[in-house]
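# Analysis of the macromolecular model
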Amino acid sequence: MKVLKFGGTSVKNAENISKVIAIVKEKLQADTVLTVVSAFGGVTNLLIEAGEKAAKGDCTYTALITEIEVRHTEAIKTLIQSSKQDQVLNEVKASIKSLTDLLHGIFLIREFSPRSYDMVASFGERLSAYIISEAFVEQGIRAAYLDARDVVKTDNNFGAAKVQFEITNKKIKEKVGDGSILYIATGFIGSTADNETATIGRGGSDYSGAIFAAALDASILEIWTDVDGMMTADPRKVKRAYPVKNLTYSEAMELSHFGAKVLEPRTVIPAMGKNIPVHIKNTFNPQSDGTLITADNRDFTQKVQGISSIDEVSLITVQGSGMIGEVGISMRLFQAIANNKINVILITQGSSEHSITFAVLPKDAQKAKELLEEEFKIELQVALIDAILVEKNLAVIAIVGENMKKIPGVSGKLFNTLGKNGINVSAIAQGASELNISIVISAADRNKALNALHETFFLSDLRTLNVFVVGTGTIGNELLNQIKAQRDILIEKNNIDVRVVGISNIDGFLIDDEGIDLSNWEKELKAKAQKPDLNSYIEKIKELNLRNSVFVDNTASYDVAAKYEELLAVAVSIVTPNKIANASEFTKYKSIHKTATQSGARFLYETNVGAGLPVISTLKDLINSGDQILKIEAILSGSLNFIFSNISTTNDFATTVKKARELGFTEPDPKIDLSGMDVARKILILSREIGLPFNLEDIQVENCLSQDSQKTNTVDELWKTLESSDNKEYAQKIAQAESNGKRLKYIACYENGKARTEIRALDNTHPFYNVTGSDNIISFTTARYKKQPLIVIGPGAGAEVTAAGIFADIIRIVNY
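The paragraphs below set out a description of the structure included in this document. (Residues numbered from 1 in each chain as written. Predicted model: local features only at pLDDT ≥ 70, side-chain atom pairs only at ≥ 80, totals over all residues. Heavy atoms only, no water.)

## Remarks on the overall build of the protein
- Counting its regular elements, the protein contains 28 helices and 28 strands.
- Taken over C-alpha atoms, the radius of gyration comes to 37 Å for the protein, far larger than the 28 Å a tight globule of 816 residues would show.
- The principal-axis extents of the C-alpha atoms in the protein amount to approximately 115 × 70 × 55 Å.
- Within the protein, the fraction of its 816 residues that count as buried is 52%.
- In the protein, the proportion of contacts linking residues at least 24 apart, taken out of those at least 6 apart, comes to 72%.
- Within the structure as shown, the protein displays about 35600 Å² of accessible surface, and the carbon and sulfur contribution to it stands at 48%. (Helix = DSSP H or I, 4+ residues; strand = E, 2+ residues; numbered from the N terminus. Rg over C-alpha atoms; globule rule 2.2 N^0.38 Å. Buried < 20%, exposed > 50% of the residue type's maximum accessible area, 1.4 Å probe, protein only. Contact = heavy atoms within 4.5 Å. Areas by Shrake-Rupley, 256 points an atom, 1.4 Å probe, with all protein chains shown as cover.)

## Brief notes about the packing of helix α2 (residues 43-55) against helix α5 (residues 114-138)
- Two elements in contact, α2 and α5, have axes whose closest approach is 8 Å; the angle formed by their N-to-C orientations is 150 degrees. As judged from the angle between their axes, α2 and α5 are roughly antiparallel. Seen from above, α2 lies across α5 with right-handed handedness. Contacts between α2 and α5 pair Val43, Thr44, Leu47 and Ile48 from the former with Tyr117, Val120, Ala121, Phe123, Gly124 and Glu125 from the latter.
- Here the contact of α2 with α5 is composed, by residue class, of seven nonpolar, two polar and one charged. (Axes fitted to C-alpha atoms, helices over the stretch in contact; angles between N-to-C directions. Parallel < 35°, antiparallel > 145°, perpendicular 65-115°, else oblique. Left-handed = near helix turned anticlockwise from the far one by under 90°. Nonpolar A, V, L, I, M, F, W, Y, C, P; charged D, E, K, R; others polar.)

## Remarks on the state of the cysteines
- Scanning the model with the defined rule gives zero disulfides in all.
- Summary of cysteine pairing: Cys749 is not part of a disulfide, and the nearest cysteine sulfur, belonging to Cys704, is at 16 Å.
- Classification of Cys749 by relative accessible area gives buried; the value is 0%. (Disulfide = S-S within 2.5 Å.)

## Some details on the environment of Gln302
- By secondary structure assignment, the location of Gln302 is in the loop between β10 (291-294) and β11 (306-319).
- Each C-alpha atom of the pair Gln302 and Phe457 lies 8.6 Å from the other, and the pair is 155 residues apart in sequence.

## Structural notes on the sheet that holds strand β25 (residues 743-751)
- Reading across from one edge, β24-β26-β25-β23-β27-β28 is the order of the six strands in this open sheet, with mixed pairing throughout. Taken across any chain shown, the strands that pair with only one partner, and hence form the sheet edges, are β24 (700-701) and β28 (790-795).
- As judged from the nine bridges shared by β25 and strand β26 (residues 754-762), these two strands associate in the antiparallel manner. The residue bridging Arg743 from the neighbouring strand is Leu762, located in β26.
- Relative to the sheet, helix α21 (residues 615-624) contacts β23 (629-635), β27 (775-782) and β28, its axis offset from that of β27 by approximately 5 degrees. (Pairing = 2+ DSSP bridges.)

## Regarding the sheet that holds strand β1 (residues 2-6)
- Taken together, the eight strands give an open sheet; going across it, the order is β3-β4-β2-β1-β7-β9-β10-β8, and neighbouring strands pair in mixed fashion. The sheet is open, and its two borders are formed by β3 (143-146) and β8 (246-248), each paired with just one other strand. Shown here is a sheet whose adjacent strand axes are inclined to one another by a mean of 20 degrees, direction ignored.
- Sheet topology note: the strand β7 (residues 220-225)/strand β9 (residues 278-282) ladder contains five bridges and is parallel. Directly across from Thr225, in β9, lies its bridge partner Asn282.
- Contacts from helix α8 (residues 249-257) reach β8 and β10 within the one sheet, and its direction differs from that of β8 by about 90 degrees.

## Things to note about the pairing of β25
- Judged by how many residues are buried, β25 sits mostly within the fold: seven of nine residues are covered.
- Direction of pairing for β23 relative to β25: antiparallel, over a ladder of four bridges. Along β25, the bridge assignment pairs Glu633 with Cys749.
- Between β25 and β26, which pair antiparallel in sequence order, lie two residues; one of them, Asn752, sits at a positive phi of approximately 55 degrees.

## Some words on the pattern of salt bridges
- In this structure the tally under the stated criterion is 35 salt bridges.
- In this structure, Glu543 engages Lys540 in a salt bridge whose closest nitrogen and oxygen atoms are separated by 3.7 Å. With Glu543 and Lys540 both in helix α17 (residues 534-544) and three residues apart, this pair spans about one turn of that helix.
- Judged by relative accessible area, Lys540 falls into the partly exposed class, the value being 27%.
- Linked through salt bridges whose partners overlap, the residues forming this network are Asp234, Arg236, Lys237, Asp311 and Arg446. (Salt bridge = Lys/Arg side-chain N within 4 Å of Asp/Glu carboxyl O.)

## Comments concerning the packing of aromatic side chains
- Using the criterion set out here, one finds 14 aromatic pairs in the structure.
- With centroids separated by 6.4 Å and ring planes inclined at 20 degrees, the aromatic side chains of Phe644 and Tyr746 adopt a geometry described as stacked. Residue Phe644 is found in helix α22 (residues 638-646), and its partner Tyr746 is found in strand β25; the two are separated by 102 residues along the sequence.
- Feature note: the residues Phe644, Phe653, Tyr730 and Tyr746 constitute an aromatic cluster, connected by ring pairs.
- Sitting over the ring of Phe107, Arg110 keeps its end group 4.6 Å from the ring centre.
- A cation over a ring is seen here: Arg743 above Tyr769, with NZ or CZ 4.2 Å from the ring centre. (Phe/Tyr/Trp six-rings, centres within 6.5 Å; stacked < 30°, edge-to-face > 60°. Lys NZ or Arg CZ within 6 Å of the ring centre and 35° of its normal.)

## Digging into α8
- Those residues of α8 that sit buried are Tyr249, Glu251, Ala252, Leu255 and Ser256. Relative to the axis of α8, the buried residues are bounded by an arc of 165 degrees and lie together on one face.
- On the buried face of α8, the contacting elements are β8, α9 (268-273), β10, β11 and β14 (389-400). (Arc of directions from axis to C-beta.)

## Topic: the pairing of β14
- Relative to β14, β11 runs antiparallel, the two sharing nine bridges. What sits directly across from Leu315, in β14, is Glu391.
- Summarising the sheet, β14 and strand β16 (residues 436-442) pair through seven bridges and their orientation is antiparallel. Each bridged residue has a counterpart across the sheet, and for Leu394 the counterpart in β16 is Ser442.

## Overview of helix α4 (residues 85-109)
- Here α4 spans 36 Å end to end across 25 residues, near enough to the 36 Å set by a 1.5 Å rise per residue.
- Gln85, Val88, Leu89, Val92, Ile96, Leu99, Leu103, Ile106 and Phe107 are the residues of α4 that are buried.
- Looking at the buried side of α4, the elements it contacts are α2, α3 (61-79) and α5.
- Count one or two residues on from α4 and you reach Arg110, which has phi positive near 55 degrees. (Expected span 1.5 Å × (residues − 1).)

## Regarding the environment of Asn495
- Tracing the backbone shows Asn495 in the loop between α15 (474-494) and β18 (496-505).
- Considering only alpha carbons, one finds Asn495 and Lys671, 176 residues apart in sequence, at a separation of 46 Å.
- Setting aside its immediate chain neighbours within four residues, Asn495 contacts Asp461, Leu462, Arg463 and Leu490.

## Some thoughts on the packing of helix α23 (residues 653-662) against helix α27 (residues 715-739)
- Where α23 contacts α27, the two axes come as close as 7 Å, and the packing angle between them is 135 degrees. The angle between the axes of α23 and α27 places the two elements in the oblique class. Touching Phe653, Ala654, Val657, Lys658 and Arg661 of α23 are Val715, Trp719, Leu722, Glu723, Asp726, Asn727 and Tyr730, all from α27.
- When its residues are assigned to classes, the contact of α23 with α27 shows seven nonpolar, one polar and four charged.

## Quick word on a nonpolar patch on the surface
- Residues Ile378, Val382 and Leu384 make up a contiguous nonpolar surface patch of roughly 290 Å² in combined accessible area.
- By the secondary structure assignment, Leu384 is in the loop between α12 (377-381) and β14.
- Looking at Leu384, the relative accessible area reads 38%, which means it is partly exposed. (Patch = residues over 30% accessible without salt bridge, like charges linked within 9 Å, V, L, I, M, F, W, Y side chains within 5 Å.)

## As for the side chain of Thr267
- Turning to its location among the elements, Thr267 is positioned in the loop between α8 and α9.
- A relative accessible area of 0% places Thr267 in the buried class.
- Reaching out from Thr267, the side chain makes a polar contact with the backbone nitrogen of Tyr207 at a distance of 3.4 Å.
- Apart from residues no more than four positions distant in its own chain, Thr267 is found in contact with Asp206, Tyr207, Ala210, Leu221 and Ile223. (Polar contact = N/O pair within 3.5 Å; in protein donor to acceptor, adjacent residues only side chain to side chain.)

Below is the structure:
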């Protein structure tokens, strides 16, 4: 015999019940069947709401009765077309009359006791099973309604009654007999020794199915629901969750205990006792494999079978020096809690015996605290035990798998993943069986942790980065184009998914945690963007709290740079060509880097110096490998190198600067480039990488402009002074340099603990002599590269190479 249990969504309406009938009819072709059903989807909630309203004297409970009656009546009229329809309708009307009378009594006495609660709640399953049994009869099947109150006997703990298995098993066997009749049994309910209606707890219909299966020694228990089985994680929280094909009884119990809603935790116990397989199937996709739960799972390749969570818990900690070595503390603690029927979800205790921490549901936290304060009143008064601590707004995450004990490294991957995402762990619990590792974290980090852990254990070949972009100018736009062009290739060849989930510019900002379509982002931004507001954009990023988040700043904005610490503090990594943060006042610079280190986020800024050239990474590699930096010389401005490469005795300074501006090599105001401050910031950043506590004023900076040009207020004024003053000065410098076979270059230099920028005349023996156009060159003289410096050369400006450098930093974050 097979026992099939159908949940509320499976029997929600006539259409769904027809699917149930089709499934059962197919099973009947090869075996005898007993079917257990829940109430129509949502009806139990309506019944309880009606009872609560009646108890409060709220007359609108009658509207809920009408809604319940209409739903069942409509199902009858669709499912039963024969002359028997009136009989079934009358039977349901009689049940509704009994329900109405019961609720009216509750309304009059203003009391909704546990006994009344169970009686009211039982109507859902009773109506459902009766109608479905008659629908089977309508199909010509020998079927009958089975009120579980006749066979499932319980104690009188109303609301969560315990099943008396010995008498229940006997009654079920006697009633069902040889299985020649298809019984449609009510889930969720039973009756006491005095034949009073009792429920076996919310979600108890699964458990009812297992009770019937065990009593009948069924060949299998099938739990039919609205999903394709037990999932690797809750699909409402983890979009990439997928069904698990096989689980052991123990794994299924652990996952269901820690929040997997597909299966009621107690369901496994009767089935496991009789070694009855439990098969979870989808009523709406019966061809799906589902999840098969048995004693053994022979798939040894999967370390973790599922990740589950309890959304809201509170942690209670009892600690104090008086607990150390004191026998009986734990017994007193948990006896006080148990005596008041408070369920403990998780327990952890350090080997020092100094503290015991346990988790309870938030509704029980205050009561538990008061009970413990009373139990340990004396110890608290003499300070042997500290004040009882209660931590709120927490969640439990559990990773489950019997194979964890066979394969080392699971805990390491778990905590490494959490650490990378800046998720703090408040408590840890793991049994010696290694079946389950449970952690308690902030409830705000729950979804982030679930997704990060799911990616680590189930999608380990695919690593996702959630990228938030600010600034879509020349560089930002090019970056988005490069990500769009390369994304599929990265997924296919490198198992890296760079997903842009946020874009912000002067028009506003757009966020989509499923990813923004980069082929249409400009139109989408204009159509859907929220008003431009940096603070709102940052708050939304923090609120989403996505795992592996990366903030990409393509601006030169002080306001954006000022937000770095705020983002790093919540484990959002930062990639940027913006030099402002790294060239800021030294204490601020140190604070930003310290925040990144503490949170586990990455702060990458290769493009601060040399655009896409590997300057900072090369310097870091030299330092980290133990080399000593003796000297750095560099051409670090593409605009200045263009100017100094093109001025000559026949091509004056003013004309060359104008040409550089026309070609887009300089800022709209060339004074910004010609001041030398941009180069000064770059050598400052390199000096700080070496470990020097420099500020910008510690850099000796040579301005490329004459005093007259430095005093100008407009570009037009600048052109005049360049022609009247600067051309004369540079004509002399150029003539002197050319007469000596030299060329003028604007050089940044670090040596002997000092840094400077300067105009220098170089001869043809210097490696910088032939560097032309907008190229950059950086020379590292070190203890190891003393005779022949290590040189990095290439384009030091341009949207394409700068965006490529930013993109490389984004990808680099995956490997940390």
